[in-house]
Structures are given as C-alpha cells and as structure tokens.
Amino acid sequence: MTDSRNAADRTFPNGFLWGAATAAHQIEGSPMADGAGPSIWTRFAHTPGMTLNGDTGDVACDHYRRWKEDVKLMKELGLQAYRFSVSWSRILPEGTGRVNQAGLDFYSRLVDELLANGIEPLLTLYHWDMPAALDDRGGWLNRDCADWFAEYGQVMYRALDGRVKKWVTLNEPWVITDGGYLHGALAPGHRSRFEAPIASHNLMRAHGAAVQAYRAEGKHEIGLVVNIEPKYAATDSAEDAAAVKRAHAYMNEQYLDPALLGTYPPELREIFGEAWPEWPQADFDLIKQKLDFIGVNYYTRSVTKDAVSYPLNTGVVRQPSGTYTETGWEVFPQGLTDTLTWVKDRYGDIPMYITENGAAFFDPPVAEPDSTGQRRVRDPLRMDYLQKHIGAIHDAIQAGCDIRGYMVWSLLDNLEWSLGYSKRFGVVHVNYATQDRTPKDSARWYSKVIASNGKFL
Ligand SMILES: OC[C@H]1NNC[C@@H](O)[C@@H]1O
C-alpha cells in the first residue's frame, strides 16, 4: 500500500475537494413515489431479460427514504462533497410542463442536509433516467430534447442555484449513446448505427441548451461529465495505430471536441459512413458553450487492435500480466495521468474534477462482525486501486493539470444498471436484504486521505 515517494510529496492543493458520487436510479428506490413519473430505466428494468436476475431500481439502496442516515454517514466519513443526480421524472413526471413539487422538495431537503453537515453538493441533471413520457415522444432522437432538457434545467436552477454551486448537465453521453442506442445494453435498448449519431448529437445539443439556460439564471458553475478511456496500440503496426485513432475518436473525442472545440473528429464519418449526418453550424454554436469545468470519469484503459467488429473494427487485447476488476476492467492508474494530461493538451487549461473513479471487486453480500463485534468488510484490492489512482491524479497535478477534486465511485454499493446488484463499487457496503450500511476498510482509509489532504496516501 505504501508508495515509494515521500508522503509529504502527496499533499494535494489547498481546497482540493474530496467526495463521493452516486446516481439517482442506482441508489434511491421508490421510483414512482410522491407523484414521480416512470423513467426509461423503470420501464427497461421491468422488461424481462433486460437486467441480470431481473434486478430493478424499485428498492436499490432505499436512499429515497434513508437519505438523512446516508448524509450522516457521509459526515462521519469526512466527505467534503457529494455528487448525486436528480431523477428528471420526479421533477417533471411528463418530462415537461407540470412540476411535481414533492419531487423538488426531496432534493431541496437533501441539499439542505448536505449543507448543514458541511458537505458541498455537486448536482448532475441527467444520469441516464429520461422520463418515459419523453422517450414516447422520441427521446434523444427528437431534436426537441434540447428544449425539454433546458426547461428541466431551468426548473432546477431556479429551485436550487446558490445552495448548489456546481452543476453538471450530462453524465457520460458516450455510455448513454453506445449503450442505449447502438448496442442496446442500456435503456432505452435501441440497436441502430443510424440512431446512435443522432442521439449523441442531440445529447450534446441538449447540453448546450442547458448551459445557455444556466447562464441566463445561474450565478455559479456548470460543466459536463465525460467518461474517458485512453487507448493504447497493441502493436506498432499501422493497422493498430489506425484502430486506436478510431476508438479514441469514438469514445473520447466525440463529446469533448464539440463541447470545447465546436467540431467532431473526422474519424466519426469513417466509422459511421452513410449513418453520419451532416450537421448545421447552428448546432455547433449551440453545443459549444463556455464551461466552468470538465468532469472526468476514469476506470480503465484499453489496449486496442485492428479487428473485425461493429461498427469500430477494433478489438481490446487482454493483458496477461494485468490485474482486472469484477467488471473485467484492467487496473491501469497511469491511464488516468495520461487522460488528464491529454485533456489539458487538447483542450487547454480548463479546470477538471475526477467525478468518478473506483472499482468493483468481490465483497460478501453480508458484512460479518469482526473480533470486536463490529461489522467489517475488508477490501484491500479496492484500497489499492484507489490509492494508486489518487496517486496518478497527483502526478497529473505535478504535470500542470488543474484538478480541483475527486469523487470516488461510489459512496454506496448500488444498482450497476444491466448488471443489477452483482457488482459492488461502494466504499460503503450495502446489505440489500436489511439495507444496513457498513463502511468498508476502503472508506476508513479514504477518510484518512481526506483528513490529510492526500498526505496519508
Ligand atoms: O460502471 C461504474 C459507473 N460508471 N459510470 C456511470 C455509473 O452510473 C456507473 O455505475
């Protein structure tokens, strides 16, 4: 666990924000409570065969009812910030128009409780759970989605801006598109090479419209959260180098380029061919809005080769000496340093937060008492993963990156989408049968990292 460098070298900048992240549908449960409307995930998870074991978000971590207990736990862990998402269909059950005040009140109470405990809220407007009523109107395939999303954002800004000072429009537009519209593994479960570019582009239009709406109302900060997975060539062949360019453009440049540069990488037309539309300049003018920060979600890298695959014609090469998590992701901390310096080099000195980083390793379903009689969950592999990745962030800061904070994914074990409850990312263990929370060893360790501003690393 100890790093070779002097612990003093590991101190992070003053004011570095240490926290944890979750998402509404993954932890809240009670998806239809108090006047909420169904989301695409309520619908998708209740469609037979769409999720492992038919797992749904009907209960999850019961956070909708246990939110005060969970804030108390965050306080005990010493968290300085908490990144969460709002369920759009709790606020606007039909997606637009009528506001459900009870839904708004839930998030208002949560924010007030966080602030009362000295924890800064970071609010994500969209973490994958579009109101089903809007999916019925075409969802992200309908160009009106930009207006729908801006309207929703405006409702939230008017209700919470000032108490919430860091806003995020979208979480991981790549996953939303690749999972929900190309491969169909995520809601709404479409599989179309023609729909994916349209959904992706409309997501970015909606992002731009929500930022524009914020600039008219808001007085604080707003940004975009993207997942970045750096690509490394399997060999020095020209074919693998080309495969890396395709994979990198598709997963990493496809969202930050329009948001920050107002363009798409040329490889996307090569990848999608006739399925890649021509977009009007006005769309790029909408998408490219000044952002106060970028949130980077990092988990792993991929060693990439030329291969026959749909639609990228790339493959991932498993590393014989690699360590892999329960989700099959290689543990590669250097990839985080490389990612952060890549963002800086390509897009300039924009402030960044690591808005998600963590790992699923096996944890038992029940936290057993140790010799002291206290429930305990030993998770050395997760501690090692976090220690190495937080160290990688420090390396990026030393290399000149303006990194403002780190949100571990996740606060709680939770619903890992189509994988159900089979993957545990939490630093806090959840017994889904009893809803008992038990801080894992990684949580206890993370508390010390926070208290020492990284020196404990
Ligand atoms: O797969 C782990 C996480 N990745 N980013 C989005 C989150 O919703 C996931 O749980």
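Structure: above.
None of the values given here were measured: they were computed from a predicted structure.

Cut-offs applied
Counting starts from 1 at the beginning of each chain's written sequence and moves along it residue by residue. Local features are withheld for residues below a pLDDT of 70 in this predicted model, meaning they are given only at 70 or higher, and side-chain atom pairs are given and counted only at 80 or more; totals for whole chains, interfaces and linings count all residues. Hydrogens and water molecules were not included; the side-chain quantities draw on all heavy atoms of the structure. Strands are labelled as partners when DSSP assigns at least two bridges between them. Runs of H or I in DSSP of at least four residues are treated as helices and runs of E of at least two as strands, each being numbered from the N terminus. Angles run from 0 to 180 degrees between N-to-C directions of axes, and those axes are lines fitted to C-alpha atoms, restricted for helices to the stretch in contact. Each residue is tested against the molecule or strand, and it is near if at least one of its non-hydrogen atoms lies within 4 Å. Any N or O atom pair separated by 3.5 Å or less is treated as a polar contact, with the protein-specific requirement of one donor-capable and one acceptor-capable atom, and with residues adjacent in sequence counted only for side-chain atom pairs. For accessible areas, the Shrake-Rupley method is used with a probe of radius 1.4 Å. Any residue's cover is judged against the shown protein chains and nothing else. Note on residue classes: Ala, Val, Leu, Ile, Met, Phe, Trp, Tyr, Cys and Pro are nonpolar, Asp, Glu, Lys and Arg are charged, and everything else, Gly too, is polar. Residue contacts are counted whenever heavy atoms from the two residues lie within 4.5 Å of one another. Per-residue accessibility, obtained with a 1.4 Å probe over protein chains only, is compared with the maximum for each type, and a residue is labelled buried under 20%, exposed over 50%, and partly exposed between these values. Handedness of a crossing is defined here by the sense of rotation of the near helix relative to the far one, left-handed for an anticlockwise turn of less than a right angle and right-handed for a clockwise turn. Every helix has an expected span of 1.5 Å times one less than the residues it contains. Under this scheme an angle from 65 to 115 degrees is roughly perpendicular, one under 35 degrees roughly parallel, and one over 145 degrees roughly antiparallel; angles in between are oblique.

So, the sheet that holds strand β3 (residues 120–126)
Here is step 1: The parallel closed barrel is built from 8 strands, whose spatial order is β1-β2-β3-β4-β5-β7-β10-β11. Between one strand axis and the next, the sheet turns through 25° on average, direction left out of account.
Here is step 2: Where β3 and strand β4 (residues 166–171) come together, 4 bridges link them in parallel fashion. Opposite Thr124, over in β4, you have Val168 as the bridge partner.

Here we look at the site of the ligand
Here is step 1: Neighbouring the ligand are Gln26, His127, Trp128, Asn171, Glu172, Tyr299, Trp329, Glu356, Trp409, Glu416, Trp417 and Phe425.
Here is step 2: The side chain of Glu356 places a nitrogen or oxygen atom 2.6 Å from a nitrogen atom of the ligand.
Here is step 3: Between the ligand and the protein, one listed contact pairs an oxygen atom with a side-chain N or O atom of Trp409 at 3.3 Å.
Here is step 4: Coverage of the ligand by the protein chains reaches 95% of its 280 Å² of free accessible surface.
Here is step 5: Tallied by class, residues from the shell around the ligand come to 6 nonpolar, 3 polar and 3 charged.

Considerations on the sheet that holds strand β6 (residues 231–233)
Here is step 1: Within the open sheet, the 3 strands sit side by side as β6-β8-β9. Their pairing is mixed. With partners counted over all chains shown, the strands left at the sheet margins are β6 and β9 (314–316), one partner each. The sheet shows a mean angle of 45° between the axes of neighbouring strands, taken without regard to direction.
Here is step 2: Of the strand pairs in this sheet, strand β8 (residues 302–306) and β9 are connected by 3 bridges, and their pairing is antiparallel. Looking across to β9, one finds that Asp306 is bridged to Thr314.
Here is step 3: Most of the contacts of helix α10 (residues 238–261) go to β8, to which it runs at about 125°, and overall it touches β6, β8 and β9.

Brief notes about helix α8 (residues 173–182)
Here is step 1: By the criterion of burial, α8 is predominantly enclosed, with 10 of the 10 residues buried.
Here is step 2: Restricting attention to buried positions, one finds in α8 the residues Pro173, Trp174, Val175, Ile176, Thr177, Asp178, Gly179, Gly180, Tyr181 and Leu182.
Here is step 3: Check the buried side of α8 and you find it contacts β3, α6 (132–135), β4, α9 (195–217), β5 (221–227) and α10.
Here is step 4: Just downstream of α8, Gly184 is the residue with a positive phi angle, here 80°.

Quick notes on the packing of helix α7 (residues 145–160) against α9
Each pair of packed helices can be summarised by the angle the axes make with each other and by the distance between the axes.
Here is step 1: Closest axis-to-axis distance for the α7/α9 pair is 8 Å, and the angle between their directions is 35°. Considering how the two elements wind past one another, α7 and α9 form a crossing that is right-handed. Every residue of α9 that contacts α7 at Cys145, Ala146, Phe149, Ala150, Gln154, Tyr157 and Arg158 is listed here: Asn202, Arg205, Ala206, His207, Ala209, Ala210, Val211, Ala213, Tyr214 and Glu217.
Here is step 2: Broken down by class, the residue content of the contact of α7 with α9 amounts to 11 nonpolar, 3 polar and 3 charged.

A few points about the side chain of Ser410
Here is step 1: For Ser410, the position within the fold is in the loop between β11 (403–409) and β12 (428–431).
Here is step 2: Ser410 sits in the buried class, given a relative accessible area of 0%.
Here is step 3: Of note is the side chain of Ser410, whose polar atom sits 3.4 Å from the backbone oxygen of Leu412.
Here is step 4: Not counting the four nearest positions on each side in its chain, Ser410 is found in contact with Ala21, Thr22, Phe425, Gly426 and Val427.

Concerning α7
Here is step 1: The first and last C-alpha atoms of α7 sit 22 Å apart over 16 residues, in line with the 22 Å expected at 1.5 Å per residue.
Here is step 2: Those residues of α7 that sit buried are Cys145, Ala146, Trp148, Phe149, Ala150, Tyr152, Gly153, Val155, Met156, Tyr157 and Leu160.
Here is step 3: Positive phi shows up at Gly162, right after α7, with a value of about 110°.

Here we look at the packing of helix α5 (residues 101–116) against α7
Here is step 1: One can describe the packing of α5 onto α7 by two numbers: an axis separation of 11 Å at closest approach and a directional angle of 45°. The orientation of α5 relative to α7 falls into the category oblique. Both α5 and α7 take part in a crossing whose hand is right-handed. Only Val155, Met156, Ala159 and Leu160 of α7 make contact with α5, whose side of the interface consists of Leu104, Tyr107, Ser108 and Val111.
Here is step 2: Looking at the contact of α5 with α7 residue by residue, the classes come out as 7 nonpolar, 1 polar and no charged.

On their own, these measurements won't tell you what the molecule is for.
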